[in-house]
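Spelled out from the first residue to the last, the chains are:
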Amino acid sequence: MKHLIIALALSWGTLAVFGQKQERSPLAKDLQIKIALQAAPADQREGAKVLGYNEKGEFVTLQEGTATNNLICLAPDYKSSVLYAYAYPKSLDPFMARGRELIAEGKRKQRDEIREAEHKAGKLPIPQTPTILYGYWGPLAKLNNTTGEIEGAQRRYVIYVPYAKAADIGLSSKPGLPGIPWLMDEGSYKAHIMINPENMGHSHGK
C-alpha cells in the first residue's frame, strides 16, 4: 500500500509538471528584429520600422524606421511556440494597432465589430486603395538564431480592398486550390484578397 501511494504521488507530480505552461522570456532585441524583417520583401527590409517586446515583455519600438521606408514589421509574440511575424505599410497601422489594443483588453472576438463601427463613425482610418500585409511564421524549434530565418517557414499575403465585390474583380469569394487568390469578407470594410502560396499553411487572422 505504501508503495502504491508513493507511485501515485510520483504520477501526480509528473502530470502537474506537464500541465504547467512554459514561461518564456522575450527573445533578444536583435533576434526579434531579424525575425520581423523576414516577413518583408528583401528589398524593403533595410530601414523598416520594427515593433516587438522589451525585456519586461512590453510592446515597444525595437527599431525606428527611416523616412524612405514605408514598412512596419512586427516581431513574434515570444510566449508562443509558433513565431508569427508580419509586415505592412504605415497607412495600415491605425487599423492594426487598434486590433492589438482590443486584444489586450480581452476583446478579441469583438474586435472586428468594434473596428467596423469606429471606421464607419470616422474614428478609425483604413486605406481605401489596395494595401498589403505580409505574414511569415514557423515553429520556434526551427528558428536560426543567427539569421532570424525559420526552417520550413510559411507565408501568406493579404491585400486589403475595402468594400470590394468578388465578381467585380474576377475572384471567388471562397478558398479554392492552394495558391489561387480569393476574396474574404466580400463587400465589408475589411474585404481582402487572400493568397496562400502552394504547400503553405494558415496563420492567425488579423
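Residues numbered from 1 in each chain as written. Predicted model: local features only at pLDDT ≥ 70, side-chain atom pairs only at ≥ 80, totals over all residues. Heavy atoms only, no water.

S.K.: Please clarify how helix α4 (residues 111-120) should be interpreted in this entry.
M.R.: The periodicity of an α-helix, 3.6 residues per turn, causes residues three or four positions apart to be oriented the same way. Here α4 has its buried residues at Arg111, Arg115, Glu118 and His119. Projected down its long axis, α4 shows its buried positions confined to an angular sector of 100°, all on one face. Away from its buried face by more than 90 degrees, α4 exposes Glu113 and Lys120. Next to the buried residues of α4 lie α3 (93-104). Backbone geometry just downstream of α4 places Gly122 in the positive-phi region, at approximately 80°. (Buried < 20%, exposed > 50% of the residue type's maximum accessible area, 1.4 Å probe, protein only. Helix = DSSP H or I, 4+ residues; strand = E, 2+ residues; numbered from the N terminus. Arc of directions from axis to C-beta. Contact = heavy atoms within 4.5 Å.)

S.K.: What is the right way to look at the pattern of salt bridges in this model?
M.R.: Close approach of charged atoms allows side chains of opposite charge to pair. Counted according to the given criterion, the structure contains nine salt bridges. A salt bridge links Lys79 to Asp77; the shortest N-O distance between them is 3.3 Å. Here Lys79 falls in the exposed class, since its relative accessible area comes to 51%. Here Asp112 and Lys190 are joined by a salt bridge, their closest N and O atoms 3.4 Å apart. Taken as a pair, Asp112 in helix α4 and Lys190 in the loop between β7 (182-184) and β8 (192-195) lie far apart in primary sequence, 78 residues in all. A relative accessible area of 7% places Lys190 in the buried class. A single network of salt bridges, built from pairs that share partners, joins Asp112, Arg115, Asp185 and Lys190. (Salt bridge = Lys/Arg side-chain N within 4 Å of Asp/Glu carboxyl O.)

S.K.: Help me understand the side chain of Gln38, please; the structure alone is not making it clear to me.
M.R.: Summarising the element assignment, Gln38 is placed in helix α2 (residues 29-38). Residue classification places Gln38 among the buried residues on the basis of a relative accessible area of 9%. Excluding anything up to four places from it in sequence, Gln38 contacts Arg45, Tyr136, Thr147, Gly148, Glu149 and Arg155.

S.K.: How should the nonpolar core be read in this particular structure?
M.R.: As a rule of thumb, nonpolar side chains are buried together in soluble globular proteins. Counting 21 residues, the largest nonpolar core has Val50 and Cys73 as its most contacted members. When contributions to this core are tallied by element, the ones reaching two or more residues are α2, β3 (71-74), β4 (82-89) and β5 (131-139). Leave out the neighbours within four places in its chain, and Val50 touches Ile33, Ala36, Leu37, Val60, Thr61, Leu62, Gln63 and Cys73. Core analysis: the second largest hydrophobic core is formed by 18 residues, Leu51, Leu74, Met96 and Trp137 among them. (Core = buried A, V, L, I, M, F, W, Y, C linked by side-chain atoms within 4.5 Å.)

Remember that the coordinates give geometry; whether it matters functionally is a separate question.
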